[in-house]
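Examining the three-dimensional arrangement
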Amino acid sequence: GAVVSQHPSRVICKSGTSVKIECRSLDFQATTMFWYRQFPKQSLMLMATSNEGSKATYEQGVEKDKFLINHASLTLSTLTVTSAHPEDSSFYICKTGTSTEAFFGQGTRLTVV
Amino acid sequence: GDSVTQMEGPVTLSEEAFLTINCTYTATGYPSLFWYVQYPGEGLQLLLKATKADDKGSNKGFEATYRKETTSFHLEKGSVQVSDSAVYFCALRGLGGSGNTGKLIFGQGTTLQVKP
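Here is what the cut-offs are and how they apply
- Residues numbered from 1 in each chain as written.
- Chains lettered and ligands numbered in written order.
- Predicted model: local features only at pLDDT ≥ 70, side-chain atom pairs only at ≥ 80, totals over all residues.
- Heavy atoms only, no water.
- Helix = DSSP H or I, 4+ residues; strand = E, 2+ residues; numbered from the N terminus.
- Rg over C-alpha atoms; globule rule 2.2 N^0.38 Å.
- Buried < 20%, exposed > 50% of the residue type's maximum accessible area, 1.4 Å probe, protein only.
- Contact = heavy atoms within 4.5 Å.
- Areas by Shrake-Rupley, 256 points an atom, 1.4 Å probe, with all protein chains shown as cover.
- Lys, Arg positive; Asp, Glu negative; His and termini not counted.
- Charge placed at Lys NZ, Arg CZ, Asp CG, Glu CD.
- Buried area = accessible area lost by both parts, 1.4 Å probe.
- Salt bridge = Lys/Arg side-chain N within 4 Å of Asp/Glu carboxyl O.
- Polar contact = N/O pair within 3.5 Å; in protein donor to acceptor, adjacent residues only side chain to side chain.
- Nonpolar A, V, L, I, M, F, W, Y, C, P; charged D, E, K, R; others polar.
- Phe/Tyr/Trp six-rings, centres within 6.5 Å; stacked < 30°, edge-to-face > 60°.
- Lys NZ or Arg CZ within 6 Å of the ring centre and 35° of its normal.
- pLDDT = per-residue confidence, 0-100.
- Pairing = 2+ DSSP bridges.
- Axes fitted to C-alpha atoms, helices over the stretch in contact; angles between N-to-C directions.
- Core = buried A, V, L, I, M, F, W, Y, C linked by side-chain atoms within 4.5 Å.

Another aspect to go through is the overall build of chain A. Along chain A, the regular secondary structure elements total zero helices and eleven strands. Counting from the amino terminus, helix and strand elements in chain A follow one another as β-β-β-β-β-β-β-β-β-β-β. A globule of 113 residues ought to have a C-alpha radius of gyration of about 13 Å, and chain A, at 13 Å, matches this closely. Each of the three principal axes of chain A carries a C-alpha extent, and together these read 40 × 25 × 20 Å. The 113 residues of chain A split such that 50% are buried. Taking contacts inside chain A between residues at least 6 apart in sequence as the whole, the part at least 24 apart equals 50%. Counting only carbon and sulfur atoms, one obtains 50% of the accessible surface of chain A, whose full area is about 5,600 Å². In chain A, 11 side chains carry a positive charge and 9 a negative one; their mean positions are 6 Å apart.

Our next topic: the interface of chain B and chain A. Each partner contributes to the interface: chain B provides 18 residues, whereas chain A provides 21 residues. Buried surface at the junction of chain B and chain A, summed over both partners, amounts to about 1,400 Å²; 57% is from carbon and sulfur atoms. Inspection of the chain B/chain A interface yields zero salt bridges. Linking chain B to chain A there are four residue pairs in polar contact (both at pLDDT 80 or more). Among the elements of the structure, strand 5 (32-38) and strand 6 (44-50) of chain B are those that each provide at least two residues to the side of chain B that touches chain A. Here the side of chain B that touches chain A is built from residues that sort into six nonpolar, nine polar and three charged.

Geometrically, a pair of aromatic rings is defined through the distance of the ring centres and the angle of the planes. Applying the stated criterion to the full structure yields ten aromatic pairs over all chains. Centroid distance F67 of chain A to Y92 of chain A: 6.4 Å. Interplanar angle 40 degrees. Geometry classified as tilted. Residue F67 of chain A is found in strand 7 (residues 67-73), and its partner Y92 of chain A is found in strand 9 (residues 90-97); the two are separated by 25 residues along the sequence. Across this residue pair, the class does not change: F67 of chain A and Y92 of chain A are buried. Its guanidinium or amino end placed over the ring of Y30 of chain B, K68 of chain B lies 4.2 Å from that ring's centre, counting from NZ or CZ.

What follows is about the pattern of salt bridges. Evaluated as defined, the whole model comprises five salt bridges over all chains. One salt bridge in this structure joins E22 of chain A and R24 of chain A, with 3.5 Å as the shortest N-O distance. On the basis of relative accessible area, E22 of chain A is assigned to the partly exposed category, the value being 26%. With its nearest N and O atoms 3.6 Å apart, the salt bridge here joins E63 of chain B to K56 of chain B.

On average, chain B scores 90 in pLDDT, and the residues at 70 or more come to 93%. Segment residues 97-101 of chain B is flagged for pLDDT under 50; beyond a separation of four residues in sequence, or across chains, it makes 16 contacts in the model.

Before going further, it helps to examine the sheet that holds strand 8 (residues 62-65) of chain B. Residue and element names in this part refer to chain B. Within the open sheet, the four strands sit side by side as 3-9-8-7. Their pairing is antiparallel. Across the chains shown, the open sheet's two edge strands, defined by having one partner strand only, are strand 3 (19-21) and strand 7 (56-59). Geometrically, the sheet is characterised by an average inter-axis angle of 15 degrees between neighbouring strands, direction not taken into account.

This part covers the nonpolar core. Residue and element names in this part refer to chain B. Ranked by internal contacts, the top residues of the largest apolar core, which has 26 residues, are L19, W35, L47, L48, F73, L75 and Y88. Put simply, the parts of the chain that give this core at least two residues each are strand 2 (11-14), strand 3, strand 4 (23-26), strand 5, strand 6, strand 8, strand 10 (86-93) and strand 12 (110-115). At four residues, the largest contribution of residues to this core is made by strand 10. Apart from residues lying up to four places away in sequence, L19 is in contact with V11, L13, F62, L75, E76, K77, V80 and L112.

The next point concerns the sheet that holds strand 8 (residues 76-81) of chain A. Residues and elements named next belong to chain A. Read from one edge to the other, the open sheet built from four strands follows the order 1-3-8-7, with strand pairing classed as antiparallel. Of all strands in the sheet, those bounded by a partner on one side alone are strand 1 (4-7) and strand 7. Sheet twist, expressed as the average angle between the axes of neighbouring strands with direction ignored, equals 15 degrees. One ladder, built from four bridges, connects strand 1 with strand 3 (residues 19-25); its direction is antiparallel.

Right, dumping it as C-alpha cells:
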C-alpha cells in the first residue's frame, strides 16, 4: 500500500516556539489529509481536514490560528503548531487514503517544555 | 455524537494466551467498524474491518464480529505471540464518510504486551 512519511517522529521544543510537522505521501496523490491528536490515555481526536489547494476545515474547539495547516500539493501537507505551550504536548498523526484504504503517518510526539 | 470506547490497558499476556480487547460504540445507523494496529515506531495499519451487522473481520489470526445488538466489536485472538505486542485502536466510520477517505472516530487505544 501507499506510504505516508511523517516527520519528525519526536520533537522537544521550548514554550513560545513553533514546530512544523510534515506528512508526505510517497506514491499517490493525497487529495485529502486528516490531522489527528492524541492526549495520553485518550482517543485519537480529529483536529482538521485539509484538501489540496484549499483552506483546512477545523473541528470545533481547535484553534485555526494556532494549528496552521498547509496542503499546497498532492504530496505534502504540513501542520505548524505556533507559539507552543506545554498543554500542546501530544501525539499528532496524519491520515490520508484512497477509496478503499486509509494510510497513516508514523506520528509525531511533541513535548513542549 | 458518535463515539468508541475501548477497554483500558495495558494488557499483559504470556505467549499463546487468549486475547480479548473489548470495544463498544455509539453511533446512528450502521457504521463501519475497524481495528487498527500500531507497532512501535510505525504508523497505524488496518488490521481488520466489518461493514455490516454480523460481519466477522479476520486477519493474522485476529477476529472481531460486528454485534449490532450489543453495539460491540471485540477483538480476539486465540494464541498471541510476542510479535503481536502493539497498540490496538478500535474505530468507526459513520455514514457521512465516503469510501475510506472519510472521518474516523477512534477509541483511546489499548496497549498489548506479550511476554515470552
